[in-house]
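Descriptive analysis of the structure
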Amino acid sequence: MNFPYSSGTVPVSTLGTPRIGPRRELKAALEDYWAGRSDAQTLLDAAARLRAANWARQKALGVTNIPSNDFSLYDHVLDTAVMVGAIPKAYGWSGGPVSLDTYFAMARGSQGDAGACAHGHDHDQEHGHGHGVPALEMTKWFDTNYHYMVPEFSAGQRFTLASTKPVDEYREAKALGYQTRPVLLGPVTFLKLGKAKDPGLDPLSLLGDLLPVYVEVLRRLAASGAEWVQMDEPCLVLDLDEPTRAALREAYGFFSHALPRLKIMLTAYFGELGDNLDTALALPVAGLHLDLARAPEQLRPVSEKARAGLVLSLGVIDGRNVWRADLPKLLDALEPVVRRRGTDHVEIAPSCSLLHVPIDLERETELDPDVKSWLAFAVQKMDELTTLATALAGGREVVLGKLMASGAAADARRASAKVHSAAVAARLAAVTPEMTQRQSPFPARAEAQHHRLRLPPFPTTTIGSFPQTAEVRKARAAHGKGELGDAAYEAFLKQETAAAIRWQDEIGLDVLVHGEFERNDMVQYFGEQLSGFAFTRHGWVQSYGSRYVRPPILFGDVARPAPMTVEWWKFAQSVTHKPMKGMLTGPVTILNWSFVRDDVPRSLACRQIALAIRDEVADLEKAGAAMIQIDEAAIREGLPLRRADWDAYLGWAVESFRLCASGVADATQIHTHMCYSEFNDIIAAIAAMDADVISIETSRSKMELLEAFVSYRYPNEIGPGVYDIHSPRVPSVEEMEELLVRATQRLRPEQVWVNPDCGLKTRKWEEVRPALVNMVEAARRLRPGTARAAE
């Protein structure tokens, strides 16, 4: 179609943008505040500058529906909990404005024994706990690698407007000349993401008390000049029961009655509406957003069934991946919809918030030119959106050059020899079922391993990494710039590694790790040594709080040209007589924590990675490693959002792990680690992985996650995390001992290992040292023959 469908324009929306700043300015501001190097006003000023820059960037790129309240100092779900006053009693809040210290205590915990913090607030007084308070639980945001803080609800829960952040930031934007569309997490999704602390409490039963607080926020936004509000209800892409659908009808009926003139853009993403489509279309809202990157097939039924006045937001640009769109192909799908509905009832948008992609591709001056030509980051995706909108409103010839360049890039990627390897394809075709099976069942393996390792009851270990200090980061940066030679850098790393190993020996840990000082990231380190991956220098995305990652870009077939970890393991083992774990990242986690190619099934890419890791496992065993840990921290987060799709995913995910782990002898112990996840619904798949030892996060849930392993009678060994490494708190011996006692009430004592929740890379040595000393003592107290164990 070469002619416009109307004389109007097609609005462009972004739904949300990255918060962190092009140079990670938010990270620096947060960490300066937490360390006491700056005050609250300095932090808030830095945040205001980032918001202003985000709004200006979008305006310059032609975005018409610019969001506000998509920014957060830590997490938007935590912001919502604070907004509605869902602050657990443990944090000592008694009404009124919520302080930054309370906010960050919910996010990170507080160490009450530390006394007054750097900002002049006495944590003991503020939180009412001499030993501080732990952070809220943290888990993954749907099936992404973004973490959110889990709201807590109690019997008798009351909600109140405790923060006007959405209104404040709307007014802030307006004062700068930007008419924005405020973003709120919808009330039904908010309640479903939360956790009831009292048995029998259904969070949805709290909806009636919650809605008036939302209405008050919406009223203030409308009074301030807001015409539209974006209400995110991603729960609409899940398997919903009738009570949840009824809650959606109640909530949006309530809003429509209270504020009939305020327009709501109901936003669902990360999948298709499916059997929730009729519910969504019946809600009294002015607009509906569709994720057409994940579920393009829903465009036709939605566009045909949607009432005439409903604005459809078409999420056609992938907000979760970095591949450049094939714009001519997208226009072929969009033009009939715009022809039918007109430009005044259509918006063009990414599939979801651009929070999940890096900010600007142009900063990547060292990428392979071919690979770079196939990519689009947030800035480039906004340009793609405005190109599509211009073509839809004014005809393709208006942007013909951009459309031709987009189509040519898509064709070049499909044909590139950098993407496809005949050798990798042949090896994958030769995989047999026997390659995914250990030699013997677990009981026989356990006997062989216990005879070889001779560990005490409640063996202690850590998950893998130790603090990456300023000195380590400085040396890595100097080496990357060529200011520190290879030999000097290796000598420095060996010195750090040896010191960490000797310290572990001194405090009495039973199974040691080398600390991973040579590794930049648990996925990037391996991807840099595998074919088929590309890496950025500035492609940061937020994982949680001030924790950002640079996901590798998986663009082609994967193979392992040479051993990746063997020499470092050999050096580490030479420093101690205790067992030294070989540390690897598993294929599913490498896949899920990368920007994955979209031209082949994910299962195929995962099996390719599994074969590469299998080679590394074999070489570690040959070098003498008695224990090899293959972390699958991300296996749960890759689970499809609809149960009908689970079996297929778990089938190839478990097969991929077994393919990389099963080529070893019985006496070689295979460990794996999994991060913050609910395991109840996938426990059979975890058991099918057949790892000898699994370590998991359990401290924030007070060992509740172990219930899945009890009801299933998990046969292998388990290391339930006994302290939360995402918080700076140092837990006491008694606290960790109590958690271990709870673990033994759910598991056989001979099954239990003792370890932190996760790796210690992001923590400081002054936190790690006392915490691990306490952990070792807690394990010692439970061993037979000690005074405490005899009680």
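See the structure printed just above.
Summary of the structure given here.

Some remarks on the packing of aromatic side chains
For the coordinates displayed, the defined rule picks out 21 aromatic pairs. Here the aromatic rings of Trp141 and Tyr148 are separated by 6.0 Å at their centres, their planes lie at 80°, and the arrangement is edge-to-face. Summarising the burial analysis for this pair, Trp141 and Tyr148 share the class buried. Centroid distance Tyr649 to Trp652: 5.0 Å. Interplanar angle 85°. Geometry classified as edge-to-face. With Tyr649 and Trp652 both in helix α24 (residues 646-661) and 3 residues apart, the pair spans about one turn of that helix. The same class applies to Tyr649 and to Trp652, which are both buried. A cation sits over an aromatic face here: Arg413 above Trp323, 3.8 Å from the ring centre.

Observations concerning the pattern of salt bridges
Here the structure, examined in full by the defined rule, presents 51 salt bridges. Of the charged contacts, one joins Arg560 and Glu616 as a salt bridge, the two residues approaching to 2.6 Å between their closest N and O atoms. Highlighted residues: Arg560 in the loop between β15 (553-554) and α21 (566-574) and Glu616 in helix α23 (residues 602-623), separated in sequence by 56 residues. Judged by its relative accessible area of 17%, Arg560 is buried. A residue is classified by how much of its surface remains accessible, and Glu616, at 0% relative accessible area, is buried. The closest approach of N and O atoms between Glu655 and Arg607, which form a salt bridge, is 2.7 Å. Placement of Glu655 in helix α24 and of Arg607 in helix α23 is noted, with a sequence separation of 48 residues between them. We classify Arg607 as partly exposed; its relative accessible area is 25%. Each of Arg51, Asp79, Lys165, Glu169 and Glu172 takes part in salt bridges that share partners, so that together they form one network.

Here we look at the packing of helix α2 (residues 40-60) against helix α6 (residues 165-175)
Put simply, α2 and α6 touch, their axes get as near as 11 Å, and they point 60° apart. Considering their axes alone, α2 and α6 lie oblique with respect to each other. In terms of crossing hand, the pair formed by α2 and α6 is right-handed. Here Ala48, Arg51 and Trp55 of α2 lie close against α6, whose contacting residues are Glu169, Glu172 and Ala173. Within the contact of α2 with α6, the residues separate by chemical class into 3 nonpolar, no polar and 3 charged.

As for the sheet that holds strand β17 (residues 627-631)
Pairing within the open sheet is parallel, and its 5 strands lie in the order β16-β17-β18-β19-β20. Of all strands in the sheet, those with a lone pairing partner are β16 (582-585) and β20 (717-720), marking the two edges. The mean angle between the axes of side-by-side strands here comes to 20°, regardless of whether they run parallel or antiparallel. Bridging between strand β18 (residues 669-674) and strand β19 (residues 693-696) involves 4 bridges; their strand directions are parallel. The residue bridging Met674 from the neighbouring strand is Ile696, located in β19.

Some words on the side chain of Thr144
Looking at the element boundaries, Thr144 is found in the loop between β2 (138-140) and β3 (147-149). Polar contacts involving the side chain of Thr144 include one to the main-chain amide nitrogen of Tyr146, which spans 3.1 Å. Excluding its chain neighbours within four sequence positions, the residues that come into contact with Thr144 are Phe270, Arg320, His356 and Glu637.

Re the sheet that holds strand β5 (residues 180-185)
Across the sheet, which stays open at both edges, the 7 strands sit in the order β1-β5-β7-β8-β9-β10-β11 with parallel pairing between neighbours. In this open sheet, the two edge strands, each paired with only one partner strand, are β1 (66-68) and β11 (346-350). Here the strands of the sheet are splayed against their neighbours by 30° on average, with no regard to which way each runs. For strand β8 (residues 263-267) and strand β9 (residues 287-291), the ladder comprises 3 bridges, and the chain directions are parallel. Considered in β9, the bridge of Leu266 is made with Leu288. The sheet strands contacting α2 are β1 and β5, and the helix crosses β1 at an angle near 165°. Packed onto the sheet, helix α8 (residues 207-224) meets β5 and β7 (228-232) and runs at close to 175° relative to β5.

Quick word on the nonpolar core
Within soluble globular proteins, side chains that are nonpolar tend to cluster in buried spots. One finds Phe466, Ile613, Ile630, Phe709 and Leu772 to be the most contacted residues of the largest nonpolar core, which totals 104 residues. Broken down by element, the residue count for this core peaks at 10 residues, all from α24. Core analysis: the second largest hydrophobic core is formed by 100 residues, Val12, Leu184, Leu193 and Ala378 among them.

Rules of the game
Residues numbered from 1 in each chain as written. Predicted model: local features only at pLDDT ≥ 70, side-chain atom pairs only at ≥ 80, totals over all residues. Heavy atoms only, no water. Phe/Tyr/Trp six-rings, centres within 6.5 Å; stacked < 30°, edge-to-face > 60°. Buried < 20%, exposed > 50% of the residue type's maximum accessible area, 1.4 Å probe, protein only. Helix = DSSP H or I, 4+ residues; strand = E, 2+ residues; numbered from the N terminus. Lys NZ or Arg CZ within 6 Å of the ring centre and 35° of its normal. Salt bridge = Lys/Arg side-chain N within 4 Å of Asp/Glu carboxyl O. Axes fitted to C-alpha atoms, helices over the stretch in contact; angles between N-to-C directions. Parallel < 35°, antiparallel > 145°, perpendicular 65-115°, else oblique. Left-handed = near helix turned anticlockwise from the far one by under 90°. Contact = heavy atoms within 4.5 Å. Nonpolar A, V, L, I, M, F, W, Y, C, P; charged D, E, K, R; others polar. Pairing = 2+ DSSP bridges. Polar contact = N/O pair within 3.5 Å; in protein donor to acceptor, adjacent residues only side chain to side chain. Core = buried A, V, L, I, M, F, W, Y, C linked by side-chain atoms within 4.5 Å.

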